[in-house]
Amino acid sequence: MNPDLLARMRDIHDLNMDQASWWPPAPGWWLVALGAVLLLILVWWGLRNLIAYPPGTWHRDARNQLVALRKLSRQLAPEQSLRELSELLRRIAITRIGREQAAGLADEKWLQWLQDQDPANFSWTEKGRVLTQVPYAPPGQFPVSRTQVIELINASLVWARYDRKLNS
């Protein structure tokens, strides 16, 4: 072995470890940190949905039906989507307050009840008026747009979620 090479070699004990920095970490540690953050987000999202909509309850069924109606509303005529939404909201009301109390909710009382039950303050008395007119009118009498229907379905999703949290 060449004596010059041996003379230039240093032992690890000769290094000054006080000058070695732990920051920035190696790329592998960044991947571990990113994975941990993604795992925490996934757990938070899952628990949030599990708490908001427990399995086997009418809340989850209502949410699933509203989401399905939102997807289906792109294919249905707006009037048909409103009929489906009106029927679904009535079924939710019957589940919430009982058949006798829900039967007394018609027209303005129905919209006012929806307004009172919605802490998100969606304007059911104004924008929801089509729910009391379109389902019972001849086709084409009250023109309604697809965006109005989607807006009502989205408001219904929020209403059903808050309804469970505040009044159960």
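Below: a short report on this structure.

Here we come to the pattern of salt bridges. Counted according to the given criterion, the structure contains 3 salt bridges. Here Arg 129 makes a salt bridge to Glu 108, at a shortest N to O gap of 2.3 Å. With Arg 129 in helix H8 (residues 129-133) and Glu 108 in helix H6 (residues 107-117), the pair connects residues that are 21 residues apart, well separated along the chain. Classification of Arg 129 as partly exposed rests on a relative accessible area of 29%. Exposure remark for Glu 108: the relative accessible area of 43% places this residue in the partly exposed category. For Lys 127, the salt bridge is made with Glu 151, and the minimal N-O distance between the two is 3.0 Å.

At their nearest, the axes of helix H3 (residues 58-72) and helix H4 (residues 78-97) sit 11 Å apart, and the two run at 175° to each other. Comparing the axis directions of H3 and H4 gives the class roughly antiparallel. Touching Trp 58, Ala 62, Gln 65, Leu 66 and Leu 69 of H3 are Ser 81, Glu 84, Leu 85, Leu 88, Arg 91, Ile 92, Thr 95 and Arg 96, all from H4. For the contact of H3 with H4, the residue count by class is 7 nonpolar, 3 polar and 3 charged.

Here we take up the nonpolar core. One broad rule of soluble globular proteins: the nonpolar side chains tend to lie buried together. Leu 82, Leu 85, Leu 89, Trp 110, Trp 124, Leu 152 and Trp 159 are the most contacted members of the largest nonpolar core, which has 29 residues in total. When residues of this core are traced back to their parent elements, those giving at least two are H3, H4, H6, H8 and helix H9 (146-167). Among the elements that make up this core, the one with the highest residue count is H9 (7 residues).

What follows is about unusual backbone geometry. In this structure, Asp 107 is a non-glycine residue whose phi angle is positive, near 45°. Structurally, the position occupied by Asp 107 is in helix H6. Although it is not a glycine, Asn 121 sits at a positive phi angle of roughly 60°. Mapped onto the secondary structure, Asn 121 falls in the loop between H6 and helix H7 (124-127). What makes Asn 121 exposed here is its relative accessible area of 61%.

With that settled, consider the side chain of Gln 115. Within the secondary structure, Gln 115 is located in helix H6. Gln 115 gets classed as buried once you look at its relative accessible area, which sits at 19%. Within the structure, the side chain of Gln 115 is placed 3.1 Å from the backbone oxygen of Phe 122, a separation counted as a polar contact. In this structure Gln 115 touches Asn 121, Phe 122, Ser 123, Trp 124 and Thr 125, once residues within four positions along its chain are discounted.

In this section: the packing of aromatic side chains. Enumeration according to the criterion identifies 3 aromatic pairs in this entry. Ring plane angle 70° and centroid distance 5.9 Å describe the contact between Trp 113 and Trp 159, whose orientation is recorded as edge-to-face. With Trp 113 in helix H6 and Trp 159 in helix H9, the pair connects residues that are 46 residues apart, well separated along the chain. Residues Trp 113 and Trp 159 agree in their burial class; the two are buried. Aromatic ring contacts, followed pair by pair, group Trp 110, Trp 113 and Trp 159 into a single cluster.

Cut-offs and rules
- Residues numbered from 1 in each chain as written.
- Predicted model: local features only at pLDDT ≥ 70, side-chain atom pairs only at ≥ 80, totals over all residues.
- Heavy atoms only, no water.
- Salt bridge = Lys/Arg side-chain N within 4 Å of Asp/Glu carboxyl O.
- Helix = DSSP H or I, 4+ residues; strand = E, 2+ residues; numbered from the N terminus.
- Buried < 20%, exposed > 50% of the residue type's maximum accessible area, 1.4 Å probe, protein only.
- Axes fitted to C-alpha atoms, helices over the stretch in contact; angles between N-to-C directions.
- Parallel < 35°, antiparallel > 145°, perpendicular 65-115°, else oblique.
- Contact = heavy atoms within 4.5 Å.
- Nonpolar A, V, L, I, M, F, W, Y, C, P; charged D, E, K, R; others polar.
- Core = buried A, V, L, I, M, F, W, Y, C linked by side-chain atoms within 4.5 Å.
- Polar contact = N/O pair within 3.5 Å; in protein donor to acceptor, adjacent residues only side chain to side chain.
- Phe/Tyr/Trp six-rings, centres within 6.5 Å; stacked < 30°, edge-to-face > 60°.

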